[in-house]
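Observations on chain architecture
If you want the building blocks of each chain, they are given just below.
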Amino acid sequence: MKLPVSPDTFPPRGHEAKRISIVDSAAAVFCREGFAGANIDLIAAEAGVSRQTVYNHHGDKEKLFIAVVRDLTERCNAGIFATIATFPDQPKDLEADLIGFAVRLNQNCICNRDGKFLRKLIQTEGERYPELFAEWLEQGPGRTWPAIAARFARLAYGGYLAIEDPDVAARQFLGLVNAELQTTFMLGGTPREDEVLQSATNGVRTFLRAFGKRRSVASVEKQTALASA
């Protein structure tokens, strides 16, 4: 006679591995079913752990939801800061380099699994947990947007851009480079690589028309004369 096997028994996993599995599975269930439709049994089954293990780690569904949002915020921040480290501080081709950065930002931070989950939870559960998402606004965009603004300030200082307010420029850049992906996001889809590139290209070109360093007429005439000499 075989004894019933607990989901926690095989394969063996450590405390941290179970925690990560529970949070990842909970994020998927909350996004798929909504907070009201999700329950601990569904999450436990998806995570491959017992119901009691979920309770031992997080207490109840509401505390688990809070843990999911905080964990996703932390992971998204890590991806954004890693991508910011690739920002073109000394561009050889400003347009091409900013397009490349925008593509990386979209792919690594907005179109990836964590970005999709966090965006869905903000859209569907923001009204239910205003304090939690106010915390997300402070700990997420409140930290990452100024970091991007600082990079644009460097470009302006180096003479590459004409920017009066780097914070405004950063917000405009972030809004423009994924503007054409919003319909796909709203429908729950994942943009294709060519769509990500097209959105980044159009967004950067619009951004540069607003913030690009304008050369004087004399400078343009001088360069034209040198080229034709």
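Everything here concerns the structure above.
Reading guide: rules and limits
Starting afresh in each chain, residues are numbered from 1 along the sequence in its written order. Since the coordinates come from a predicted model, pLDDT governs what is reported: local features require at least 70, and pairs of side-chain atoms require 80 or more to be given and counted, while whole-chain, interface and lining totals use all residues. Working from all heavy atoms in the structure, the side-chain values ignore hydrogens and water. Site definitions follow a grid-based scheme: protein atoms alone, a 1 Å grid, a 1.4 Å probe that fits but cannot get out for cavities, and for pockets an open set with protein on both sides within 12 Å along at least five of seven lines, plus lining residues having an atom within 4 Å of a point. Grid points are joined across faces, edges and corners, and a volume is the space filled by probe spheres set on the points. Only DSSP runs of H or I reaching four residues or more are called helices, and only runs of E reaching two or more are called strands; each is numbered from the N terminus. Ten residue types, Ala, Val, Leu, Ile, Met, Phe, Trp, Tyr, Cys and Pro, are classed as nonpolar, four, Asp, Glu, Lys and Arg, as charged, and the remainder, Gly among them, as polar. Each reported salt bridge corresponds to a side-chain nitrogen of Lys or Arg within 4 Å of a carboxyl oxygen of Asp or Glu. Buried means the residue's accessible area, taken with a 1.4 Å probe over protein chains only, is under 20% of the maximum for its type, while exposed means over 50%, and partly exposed covers the values in between. Residue count minus one, scaled by 1.5 Å, sets the expected span of a helix. The angle between axes fitted to the seven-residue stretch ending at a residue and the seven-residue stretch beginning at it gives the bend at that residue. What counts as a ring pair is set by centres within 6.5 Å for rings of Phe, Tyr and Trp (its six-membered ring), and what kind of pair is set by the plane angle: stacked under 30 degrees, edge-to-face over 60, tilted for all other angles.

**Section: the layout of surface pockets**
Estimates place the volume of the largest pocket at around 620 Å³. Taken together, 25 residues line the largest pocket, and the ones lying closest to its centre are Ile80, Ile110, Trp136, Pro141 and Trp145. Secondary structure elements with two or more residues in the lining of the largest pocket: helix 4 (61-84), helix 5 (94-110), helix 6 (113-125), helix 7 (130-139), helix 8 (141-157), helix 9 (166-177) and helix 10 (182-186). For the lining of the largest pocket, a count of residues per class yields 14 nonpolar, 9 polar and 2 charged. Its volume calculated, the second largest pocket comes out at about 160 Å³. Elements with a minimum of two residues in the lining of the second largest pocket: helix 6 and helix 10. Of the residues in the lining of the second largest pocket, the class split is 4 nonpolar, 3 polar and 3 charged.

**Focus on the pattern of salt bridges**
Overall, the coordinates contain 14 salt bridges when judged by the stated rule. With its nearest N and O atoms 2.6 Å apart, the salt bridge here joins Arg75 to Asp71. Residue Arg75 and its partner Asp71 are located together in helix 4, separated by 4 residues, close to a single helical turn. Take Asp71: its relative accessible area is 13%, and that puts it in the buried class. For Arg205, the salt bridge goes to Glu95, with nearest N and O atoms at 3.0 Å. Placement of the pair is Arg205 in helix 11 (residues 193-211) and Glu95 in helix 5, with a sequence separation of 110 residues. For Arg205, a relative accessible area of 40% gives the class partly exposed. Here the residues in one salt-bridge network are Arg19, Asp24, Asp71, Arg75 and Asp114, joined through shared partners.

**A look at helix 1 (residues 15-37)**
Here helix 1 contains 23 residues, and its C-alpha end-to-end distance of 27 Å is more than 12% below the 33 Å for a straight helix at 1.5 Å per residue. In helix 1, a bend of some 80 degrees at Cys31 exceeds every other bend along the element.

**Regarding the packing of aromatic side chains**
Applying the stated criterion to the full structure yields 13 aromatic pairs. Seen in terms of ring centroids, Phe65 and Phe133 are 6.5 Å apart; in terms of plane orientation they differ by 70 degrees. Their pairing is edge-to-face. Note that Phe65 is positioned in helix 4 and Phe133 in helix 7, a separation of 68 residues in sequence. Given a relative accessible area of 0%, Phe65 falls into the buried group.

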